[in-house]
Amino acid sequence: MNSINELLRPNIRDLKPYSSARDEFSGEAAVFLDANENPFNAPFNRYPDPYQRELKKRIAAIKEISAENIFLGNGSDEAIDIAIRAFCEPGKDNIVSISPTYGMYQVAADINNIDVKKVLLTPDFELDAEALLKAADEHTKIIFLCSPNNPTGNCFSPQEVKKILDEFNGIVVLDEAYIDFAPDKSWLTRLTQYPNLIILQTFSKAWGMAGIRLGMAFAKDEIINVFSKIKYPYNVNILTQQKALELLSDNDTMKRWVKELLEERTRLIETLKTKDFVKKVYPTDANFVLIKTPEPKKIYNYLVARKIIVRDRSNVALCEGCLRITVGTPEENRELIEALDGLS
Ligand SMILES: *Cc1c(COP(=O)(O)O)cnc(C)c1O
């Protein structure tokens, strides 16, 4: 593959990042008079650590990787945007993405004036590595993959993912937002084998922290350093860093939530399968279930009228007739099923 330096936009390669007060002095001190902060209202008067060192140390221990391979952002969405801005020259370069998938790759590309070449998954939502590699041209800098995929819910075959990692000359972004729900293991353990791999994970799903906006990107240090150079200096605020540290001190809660959600998911799938109006329940490795029905809009509106909101995905490629249902608490799932009982 091409080196990271060759893949970067020239202006990003040459970029001198903003140097903040906390960059120039970051140790322990008695009196901080360097950043024009208000001395009152501690601790919120202080700028947060621009490199989130304590938080990264904790995440590194949990994920069993080095802190140098971690970027933290304002949700994974920030990492998606930065990846595109780092490697893709507006109006010239492009990305290749699967379809259907998470909508933010397209939006981030559109904002940056980057063309998106979309390659359909197979009818059973599997990745076609050959087709993706064929779609890539000399201006393709990034291939975006998402496994388990949203909205289809499935993990892709590791052989297909590996083929893309081995044969593509650019960057591969693998979004693992739902990996904590999946039986498949994360590609994190193989990060060192693939210098072109960027893995995205998030605190928004299994960790139950969508509201604090914290996303992770894992990659070789050369890529992480570029991301850190591009991001806003203080992109992860103090409240988010504190809250994340608090929740990360107790790994078991997340594991308990996941276990309960997987049990609920099984129950929900069993029940949905008994409904006449459910033509198909797709296999899922995530905290949601995709179902196919002849009348998606009718069911969607019926549920809205009962104050239950699911996601209508029937206009999405390969998802004709499909609704995406997030697994809720046992009570919420019971309410959903009771409402659906009134339909058939
Ligand atoms: C929910 C989701 C995310 C999370 O994005 P954040 O910005 O971290 O909240 C990322 N990728 C996919 C595919 C998702 O479905």
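Note that this is a predicted model, so its numbers are computed, not measured. (Residues numbered from 1 in each chain as written. Predicted model: local features only at pLDDT ≥ 70, side-chain atom pairs only at ≥ 80, totals over all residues. Heavy atoms only, no water.)

> I'm lost on the packing of aromatic side chains in this one. Help?
Two aromatic rings are characterised by how far apart their centres lie and by the angle between their planes. Per the stated rule, a full pass over the model turns up 9 aromatic pairs. Ring centres of Phe-125 and Tyr-282 lie 4.9 Å apart, and the angle between their planes is 40°; this geometry places the pair in the tilted category. Taken together, the residues Phe-125 in the loop between strand E3 (115–120) and helix H7 (129–135) and Tyr-282 in the loop between strand E8 (280–281) and strand E9 (288–292) connect sequence positions 157 residues apart. This pair shows no difference in class: Phe-125 is buried, exactly as Tyr-282 is. Centroid distance Phe-203 to Trp-207: 5.7 Å. Interplanar angle 45°. Geometry classified as tilted. Within the aromatic cluster, the residues linked to one another by ring pairs are Tyr-102, Tyr-105 and Phe-144. Against the face of Tyr-51 rests Lys-231, its NZ or CZ located 5.6 Å from the ring centre. Sitting over the ring of Phe-288, Arg-324 keeps its end group 5.6 Å from the ring centre. (Phe/Tyr/Trp six-rings, centres within 6.5 Å; stacked < 30°, edge-to-face > 60°. Helix = DSSP H or I, 4+ residues; strand = E, 2+ residues; numbered from the N terminus. Buried < 20%, exposed > 50% of the residue type's maximum accessible area, 1.4 Å probe, protein only. Lys NZ or Arg CZ within 6 Å of the ring centre and 35° of its normal.)

> When you look at the packing of helix H4 (residues 53–63) against helix H10 (residues 238–248) in this model, what are you seeing that I'm missing?
If you want to describe how two helices pack, look at the angle between their axes and the distance between the axes. The N-to-C vectors of H4 and H10 enclose an angle of 30°; their axes lie 10 Å apart at closest approach. Taken together, the axes of H4 and H10 are roughly parallel relative to one another. Relative to H10, the crossing made by H4 is left-handed. Contact residues: Glu-54, Leu-55, Arg-58, Ile-59 and Ile-62 in H4; Gln-241, Ala-244, Leu-245 and Leu-248 in H10. Classifying every residue of the contact of H4 with H10 by side-chain character gives 6 nonpolar, 1 polar and 2 charged. (Axes fitted to C-alpha atoms, helices over the stretch in contact; angles between N-to-C directions. Parallel < 35°, antiparallel > 145°, perpendicular 65-115°, else oblique. Left-handed = near helix turned anticlockwise from the far one by under 90°. Contact = heavy atoms within 4.5 Å. Nonpolar A, V, L, I, M, F, W, Y, C, P; charged D, E, K, R; others polar.)

> Sorry if this is basic, but what is going on with H4 here?
Turn by turn, an α-helix covers 3.6 residues, leaving residues three or four places apart pointing in a common direction. Turning to H4, its buried residues are Leu-55, Lys-56, Ile-59, Ala-60 and Lys-63. Buried positions in H4, seen along its axis, are confined to an arc of 135° and lie on one side of it. Counted as exposed and oriented over 90 degrees from the buried face of H4: Glu-54, Lys-57 and Ala-61. The inward-facing, buried residues of H4 contact strand E1 (70–73), strand E6 (197–202), strand E7 (215–218) and H10. (Arc of directions from axis to C-beta.)

> Help me understand the UniProt feature "modified residue: N6-(pyridoxal phosphate)lysine" (unreviewed entry) in the protein chain in this model?
As annotated by UniProt and renumbered to match this structure, "modified residue: N6-(pyridoxal phosphate)lysine" (unreviewed entry) occupies Lys-205. Looking at the element boundaries, Lys-205 is found in the loop between E6 and E7. For Lys-205, a relative accessible area of 30% puts it in the partly exposed group. Residues contacting Lys-205, with those up to four places away along its chain left out, are Ala-177, Tyr-178 and Phe-181. (UniProt positions renumbered as here; feature names shortened; annotations may be inferred.)

> Got a minute to help me understand the nonpolar core in this structure?
The nonpolar side chains of a soluble globular protein tend to be buried, and buried together. Judged by nonpolar contacts, the single largest core of 53 residues is most densely connected at Ile-59, Leu-127, Leu-132, Leu-145, Ile-164 and Phe-218. Shared between two domains, this core holds at least three residues of each, these being domain 1 (4–249) and domain 2 (252–342). Setting aside residues no more than four positions away along its own chain, Leu-145 makes contact with Ile-98, Tyr-105, Leu-127, Leu-132, Val-161, Ile-164, Val-172, Val-173, Leu-174 and Asp-175. The next biggest cluster of nonpolar side chains, apart from the first, holds 33 residues, and it includes Phe-71, Ala-86, Ile-95 and Phe-144. (Core = buried A, V, L, I, M, F, W, Y, C linked by side-chain atoms within 4.5 Å. Domains from an automatic or database assignment.)

> What's the story with the environment of Leu-7 in this structure? I'm lost.
Take Leu-7: it is sitting in helix H1 (residues 4–7). On the accessibility criterion, Leu-7 (4% relative accessible area) is buried. As for Leu-7 and Phe-87, which are separated by 80 residues in sequence, their C-alpha atoms are 6.0 Å apart.

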